[in-house]
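Descriptive structure summary
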Amino acid sequence: MELVSQIGGGVTNGLAYVGSLATLAGRAAWYTFVAPFRGRPLRLTRAFSQAMDCGVRALPILSLITFFFGLILALQSAYELRKFGAIDLVATAVAVSMTRELGPLITAIIVIGRSGSAFAAEIGTMKVTEEIDALETMAISPVSFLVAPKFVAMIVMLPCLTIWANTMGILGGGVFGVLQADFTIGRYVRASMDALILRDLITGLIKSVMFGMTITAVGCLEGLNTGAGAEQVGKWPPPAVGWSFFLVVLGDLVFTMLFFFLGG
Amino acid sequence: MAREELEMDRSDDSSSEPMVSLRDLHVAYGDREILHGISFDVKRGETMVILGGSGSGKSTLLRTLVGLEQASSGEVWIRGKNIADISQDEMDEIRKHIGMSFQGSALFGSMTVGDNVALPLREHTKLEDSTIEIMLRLKLEQVGLAGFEYYMPSQLSGGMMKRAAVARAMAMDPEILFFDEPSAGLDPIIAAGIDQLILELKKAFRMTIVVVTHELASAFLIADRMVLIDKGNVVAIGTVDEMRKSTQPRVRQFLDRVAEPEVARELDYLQMLTEDRRPADMPGGKGRA
């Protein structure tokens, strides 16, 4: 009975947390898409600065990791495809896997590590030092001032990073194709392009937008929920990281199932 | 500015119209009630000091006055509106007419001092950048920080940070200025400077000022009236002289800095424990085993 009660409590808390995330994301979306038409302009300078931080500065590490992932994927695919004399399909396997699944997911994981935890730490520190209270007493909404610019930056930059990650992954697979499977660079790229349909790219990009919203909401909510005292900010791994991983993978599962059953 | 001159001017411009009015205010964190029915008024142009020991509820009271905590019952009237019963937009409108200086300054670490001071002006006015620039320099000059607009908060001393926070709180020319522990963590000279600044602001702008503190010297210097809060209740309220002359036991204990009886007993117990208990025949022993 106690176990049932604990499970029930856990589910209730989980749903309450997801409700808080949805509320925060909803408010950030309001400040992003509605408020500018009601005389409350979006803070574009802050959004641009956030986009530089969470997007442009993530490019070197994202490029390296996705390039290696493409290469690994090609090696693993070739291991099986060689048995059937179908090593030419390596380009297809890498392109489809990266575009539909791995590109958005790896990008999200890297961004969680770089930016999700940074959002939580930044806002958590501001909470502890009363800067969030100061914003409120100046009649400035913390969601409008802090969360909305991050929200804009993430929903713009995550798809851009995902496209970049897809490209680097395909290039990584191309290295194997050229060295081991008698492809030329041009033929490998052409084979990859032929294997992809627009829907592959779009499903990946839709996922990446959802991941961006999830990571922003979790990072910012964890920051806003930080308790008193500096030790609360320095907890590692911060809850934002664990929750973001879980919710991104859960969202990925939901969207993959949705696209699968809708015939994607 | 001479202190005598400032003291003579005290209460000159206080009218009977209250700028802040509390009626049977109760505030609770969950099941725990912190404030148990607080009532008092702060008149226009008056400096009211809220005194109280640690954990007395004075900071919660201040946070409720600026809308950072929600009243569980009762009324909080600011500029003629009960903030316990208004929308967020109405609260924001009131907040444009009040300024708050936090205990830890709460300056935004990622912005220069100038940007911190200019932030409310950029957010709530349509002033040109050049005008905002002039205004922020003026505000910094008023708090004795002229030329520091390009400094980051981390490059300032504790006292300078407090002054910058006051400049930011004054950016919108508020009618009411709230201070949370303005002298906390500052050495006596810097703390005296902050007191002087508060007196000068009152003199120059005839602001209504509400200060939460437990620094008695500071409180007696800047206050027109004082209210003593203890365990979430108003114990005494009155002018500086009335408080000085008060014979109420709790007021006397606070002003005369007398420890709680149980603390005194604990100290006796500690003294007993640390007394030399070595037997008389041991070297250096006094034989009180």
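Residues numbered from 1 in each chain as written. Chains lettered and ligands numbered in written order. Predicted model: local features only at pLDDT ≥ 70, side-chain atom pairs only at ≥ 80, totals over all residues.

**As for the overall build of chain B**
Counting its secondary structure elements, chain B contains eleven helices and ten strands. The proportion of buried residues among the 289 residues of chain B is 37%. Taking contacts inside chain B between residues at least 6 apart in sequence as the whole, the part at least 24 apart equals 63%. (Helix = DSSP H or I, 4+ residues; strand = E, 2+ residues; numbered from the N terminus. Buried ≥ 20, exposed ≤ 12 C-beta atoms within 10 Å, placed from the backbone. Contact = placed C-beta atoms within 7 Å.)

**Some points on helix 4 (residues 113-124) of chain B**
Taken residue by residue, helix 4 of chain B has B:V113, B:G114, B:N116, B:V117, B:A118, B:L119, B:P120 and B:L121 as its buried positions. Residues of helix 4 of chain B that are buried make contact with helix 5 (129-142) and helix 6 (158-169) of chain B.

**A look at the interface of chain B and chain A**
Counting residues at the interface gives 14 residues for chain B and ten residues for chain A. Going through the elements one at a time, helix 3 (88-95) and helix 4 of chain B are the ones with two or more residues in the side of chain B that touches chain A.

**Comments concerning the domain arrangement of chain B**
All names here are of chain B. Looking at the assigned domains, one finds that chain B contains domain 1 (3-97 + 174-274) and domain 2 (108-173). Contacts between the two partners involve ten residues from domain 1 and, on the opposite side, eleven residues from domain 2. Ranked by the residues each element gives to the side of domain 1 that touches domain 2, the list is headed by helix 7 (residues 188-205), at four residues. Residue classes in the side of domain 1 that touches domain 2 are distributed as seven nonpolar, two polar and one charged. (Domains from an automatic or database assignment. Nonpolar A, V, L, I, M, F, W, Y, C, P; charged D, E, K, R; others polar.)

**Comments concerning the nonpolar core**
In terms of nonpolar packing, the biggest core is built from 138 residues, with B:I50, B:F178 and B:V210 touching the most fellow members. Examining the composition of this core, we find that 17 residues originate from one element, helix 4 (residues 90-128) of chain A, more than from any other. When residues of this core are sorted by domain, at least three fall in each of domain 1 (3-97 + 174-274) and domain 2 (108-173) of chain B. Once residues within four sequence positions are removed from consideration, B:I50 is found in contact with B:K58, B:L61, B:L62, B:V210, B:V211, B:V212, B:V227 and B:I229. (Core = buried A, V, L, I, M, F, W, Y, C linked by C-beta atoms within 7 Å.)

**Describing helix 5 of chain B**
Residues and elements named next belong to chain B. The terminal C-alpha atoms of helix 5 lie 20 Å apart, and with 14 residues this matches the ideal 20 Å at 1.5 Å per residue to within 8%. For helix 5, the complete set of buried residues consists of L136, K139 and L140. Along the long axis of helix 5, the arc covered by the buried residues comes to 95°, so they all point the same way. Facing away from the buried surface of helix 5 by more than 90 degrees, the exposed residues are S130, T131, I134 and E141. Structurally, helix 5 contributes buried residues whose contacts are with helix 4 and helix 6. Of the residues trailing helix 5, G144 is marked for its positive phi of about 80°. (Expected span 1.5 Å × (residues − 1). Arc of directions from axis to C-beta.)

**Considerations on the pairing of strand 8 (residues 208-213) of chain B**
Residues and elements named next belong to chain B. Among the six residues in strand 8, six count as buried, and that is most of the element. Of the two faces of strand 8, the one carrying T208, V210 and V212 and the one carrying I209, V211 and T213 are both buried. Where strand 3 (residues 47-52) meets strand 8, five bridges bridge the pair, whose relative direction is parallel. The residue bridging L51 from the neighbouring strand is T213, located in strand 8. Pairing of strand 7 (residues 176-180) with strand 8 involves five bridges; the strand directions are parallel. Residue pairing across strands places F178 opposite V210, the latter belonging to strand 8. (Pairing = 2+ DSSP bridges.)

**Concerning the pairing of strand 3 of chain B**
All names here are of chain B. When you tally the buried positions in strand 3, you get six out of six residues, the bulk of the element. Neither face of strand 3 is exposed, since T47, V49 and L51 on one face and M48, I50 and G52 on the opposite face are all buried. Across five bridges, the pairing between strand 3 and strand 9 (residues 225-230) is parallel. Residue pairing across strands places V49 opposite M226, the latter belonging to strand 9.

**Points about the packing of helix 4 of chain B against helix 6 of chain B**
Residue and element names in this part refer to chain B. The interhelical angle for the contact between helix 4 and helix 6, taken along N-to-C directions, is 25°, at an axis separation of 8 Å. Of the possible angle classes, the one that applies to helix 4 and helix 6 is roughly parallel. The hand of the helix 4/helix 6 crossing is right-handed. Side by side, helix 4 and helix 6 meet where V113, N116 and V117 of the first sit next to A164, A167 and R168 of the second. Among the residues forming the contact of helix 4 with helix 6, the class breakdown is four nonpolar, one polar and one charged. (Axes fitted to C-alpha atoms, helices over the stretch in contact; angles between N-to-C directions. Parallel < 35°, antiparallel > 145°, perpendicular 65-115°, else oblique. Left-handed = near helix turned anticlockwise from the far one by under 90°.)

**Here's the deal with the sheet that holds strand 8 of chain B**
Residue and element names in this part refer to chain B. Taken together, the six strands give an open sheet; going across it, the order is 6-7-8-3-9-10, and neighbouring strands pair in mixed fashion. The open sheet has two edge strands with one neighbour each: strand 6 (98-101) and strand 10 (233-239). In this sheet, neighbouring strand axes are inclined to one another by 15° on average, regardless of whether the strands run parallel or antiparallel. The sheet contact formed by strand 9 and strand 10 spans six bridges and is antiparallel. Bridging from a neighbouring strand, I229 pairs with V234 of strand 10. Lying on the sheet, helix 7 is in contact with strand 3, strand 7 and strand 8; it crosses strand 8 at an angle near 160°.

**Some thoughts on the environment of B:G114**
Of note, B:G114 is situated in helix 4. Not counting residues up to four positions away in its chain, the partners in contact with B:G114 are B:L136, B:E149 and B:Y150.

**With respect to the confidence of the model for chain B**
The predicted coordinates of low-pLDDT regions are not to be read in fine detail. Put simply, chain B has an average pLDDT of 85, and 85% of its residues get 70 or more. With pLDDT under 50 throughout, residues 1-14 of chain B is counted as low confidence; its partners more than four residues away or in other chains account for 16 contacts. (pLDDT = per-residue confidence, 0-100.)

**With respect to the sheet that holds strand 2 (residues 32-43) of chain B**
Each strand in a sheet pairs with another by means of backbone hydrogen bonds, the pair being arranged parallel or else antiparallel. Ordered by their spatial adjacency, four strands build an open sheet running 2-1-4-5 (chain B), and the pairing between neighbours is antiparallel. This sheet does not close on itself; its edge strands, each paired only once, are strand 2 and strand 5 (81-82) of chain B.

**Quick notes on the packing of helix 6 (residues 142-180) of chain A against helix 8 (residues 198-224) of chain A**
All names here are of chain A. Taken N-terminus to C-terminus, the directions of helix 6 and helix 8 make an angle of 150°; their axes are 8 Å apart at the nearest point. As summarised for this structure, helix 6 and helix 8 are arranged roughly antiparallel, according to the angle between their axes. Crossing of helix 6 against helix 8: the hand is right-handed. Contacts between helix 6 and helix 8 involve L146, V147, K150, F151, M154, I155, L158, P159 and T162 on the former and, on the latter, G204, L205, S208, V209, F211, G212, M213, I215, T216 and C220.

**Section: unusual backbone geometry**
Backbone geometry at A:A139 places phi at a positive 60°, although glycine is not the residue there. Taking the number of C-beta atoms within 10 Å as the measure of exposure, A:A139 has 21 and is therefore buried. Even without a glycine there, the phi angle at B:R206 is positive, about 50°. You can see B:R206 is positioned in the loop between helix 7 and strand 8.

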